[in-house]
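Remarks on the overall topology
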Amino acid sequence: MPLRRRTNAITAAQFFELAYGRAPSADEQALLDRLVVSVSSASDARAVLLAFDQQQLPTTFQVRLGDDDLALASLDGFRLWLDRRDVSVSAVILDRQRWEPHIEAVLRDVLRPGDTFVDVGANVGYHTFLAASLVGASGRVVAFEPDAENCRLLWLSRAENGFDHVTIVPNALDRTAGLRYLATHLGSNGGLVETELDAVRRGRGVFVQAQPLDDLVDGPVRLMKVDVEGAELSVLAGAGRLLGDREAAPDLVLEFSVEMTQRVSGVDPGPAIQQLLDDYGYRLSILDRDQPGRRHPYPSAAALLADWGDPLRIEDLLFER
């Protein structure tokens with residue numbers, strides 16, 4: 001009787017069932033069919049894991065980024081190591097050679113050689129290394145990114161570009177210091193989640209150290225971008241000293257969602273945003289995603305929220321003096 005050839009490959013659906021404890025739904029199977037035919041390597045397994053929102057569909061499976069997953073993009077003024085299995089950010093950069101042009105327009109408009117840029121939620125580092133190319137060796141870039149795999153990419157890109165003026169800080173930022181629980185979303189995106197005992201027992205995320213920004217960064221800072229999946233106002237609550245120094249405080253680019261701010265930062269966004277305008281003297285506008293460089297000003301937080309509509313809507317706000 002002839003021997004049957006053994007193979008290490010399993011179907012993507014079989015791996016999904018191992019990772020998530022059930023068979024994929026029809027929609028999930030359709031996504032798997034577009035990604036991988038079978039799972040025969042760590043890279044194939046990562047493709048499956050990174051395709052699903054781990055906060056909505058948590059799993060204890062983790063596969064580290066390996067050589068086969070790396071891709072190097074040559075961009076305008078810098079080079080960036082990316083994760084070819086990351087469908088949320090890296091894939092867009094590799095395809096379009098850009099990331100969030102409406103934010104890029106602000107960086108190019110504001111930053112000059114010698115300036116300091118702070119990137120809170122650096123992810124894979126597009127804005128970090130764009131800013132580093134703009135401020136030059138006489139400037140300074142501080143990148144906060146608590147996800148260890150993203151930090152590996154940041155480290156590789158820092159070495160690739162020879163940007164010694166970039167500091168990578170693998171911490172979360174919050175109102176106060178302490179441990180926080182971090183879970184990935186889709187691809188390279190992630191955010192803080194509640195440290196409920198059930199979530200900790202199920203291995204939904206990893207613990208990271210959080211500190212207030214005021215403990216880690218001194219001014220002057222020319223520009224700061226904060227994109228941390230709803231924790232933006234918690235970050236700013238830990239930056240009162242920096243924001244209150246009119247000579248040292250940065251302009252701010254802030255991702256904002258009413259729903260995420262209420263859920264993650266635990267604050268009413270109206271008074272919190274108005275405080276930025278009243279106490280720190282900022283002017284507020286929305287950055288136009290469709291026409292980079294265009295801004296839509298609002299005189300108050302109340303006017304912004306009255307015009308907001310869907311609480312799930314996500315926009316990038318600009319606070320400037």
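Residues numbered from 1 in each chain as written. Predicted model: local features only at pLDDT ≥ 70, side-chain atom pairs only at ≥ 80, totals over all residues. Heavy atoms only, no water.

1. Observations concerning the overall build of the protein
Secondary structure assignment for the protein yields 13 helices and 16 strands. For the protein, whose C-alpha radius of gyration is 21 Å, the value lies close to the compact-globule estimate of 20 Å for 321 residues. Each of the three principal axes of the protein carries a C-alpha extent, and together these read 85 × 40 × 40 Å. Counting only residues that meet the buried cut, the protein has 52% of its 321 residues in that class. Taking the contacts inside the protein whose residues are at least 6 apart along the sequence as the reference set, 69% of them involve residues at least 24 apart. On the protein, roughly 15300 Å² of surface is accessible, and the fraction owed to carbon and sulfur atoms is 49%. Looking at the protein, you have 33 positive and 48 negative side-chain charges, and the mean spots of the two groups are 4 Å apart. (Helix = DSSP H or I, 4+ residues; strand = E, 2+ residues; numbered from the N terminus. Rg over C-alpha atoms; globule rule 2.2 N^0.38 Å. Buried < 20%, exposed > 50% of the residue type's maximum accessible area, 1.4 Å probe, protein only. Contact = heavy atoms within 4.5 Å. Areas by Shrake-Rupley, 256 points an atom, 1.4 Å probe, with all protein chains shown as cover. Lys, Arg positive; Asp, Glu negative; His and termini not counted. Charge placed at Lys NZ, Arg CZ, Asp CG, Glu CD.)

2. Observations concerning the confidence of the model for the protein
In this model, the protein carries an average pLDDT of 93, and 98% of its residues clear a pLDDT of 70 or more. Contacts from residues 1–6, a stretch scored under 50 in pLDDT, to residues over four places away or in other chains number zero contacts. (pLDDT = per-residue confidence, 0-100.)

3. A look at the environment of R295
Note on placement: R295 falls in strand β15 (residues 295–298). Note: C-alpha distance between R295 and L35 (260 residues apart in sequence) is 38 Å. Sequence-distant contacts of R295, defined by excluding residues within four places in its chain, comprise V106, D109, S285, I286, L287, L318 and E320. A polar side-chain atom of R295 sits 3.3 Å from a polar atom in the side chain of E320. (Polar contact = N/O pair within 3.5 Å; in protein donor to acceptor, adjacent residues only side chain to side chain.)

4. Comments concerning the pairing of strand β13 (residues 251–256)
Of all six residues making up β13, six are buried, and the element is well covered by its neighbours. Burial of β13 is two-sided: the residues D251, V253 and E255 facing one way and the residues L252, L254 and F256 facing the other way are all buried. Two strands pair when backbone bridges link them, and strand β12 (residues 223–226) and β13 are joined in this way by four bridges, in the parallel orientation. Note that in β13 the partner of K225 across the bridge is V253. Of the strand pairs in this sheet, β13 and strand β16 (residues 315–320) are connected by five bridges, and their pairing is antiparallel. Paired with E255 across the bridge in β16 is D316. (Pairing = 2+ DSSP bridges.)

5. Comments concerning the side chain of S300
Turning to its location among the elements, S300 is positioned in the loop between β15 and α13 (301–306). With residues up to four places along the chain from it excluded, the contact list for S300 reads Q274, L277 and L284.

6. Concerning the pairing of strand β11 (residues 206–211)
Direction of pairing for strand β8 (residues 172–173) relative to β11: parallel, over a ladder of two bridges. Note on β11: the bridge partner recorded for L173 is Q211. With five bridges joining them, strand β9 (residues 178–184) and β11 adopt antiparallel strand pairing. Each bridged residue has a counterpart across the sheet, and for Y181 the counterpart in β11 is F207.

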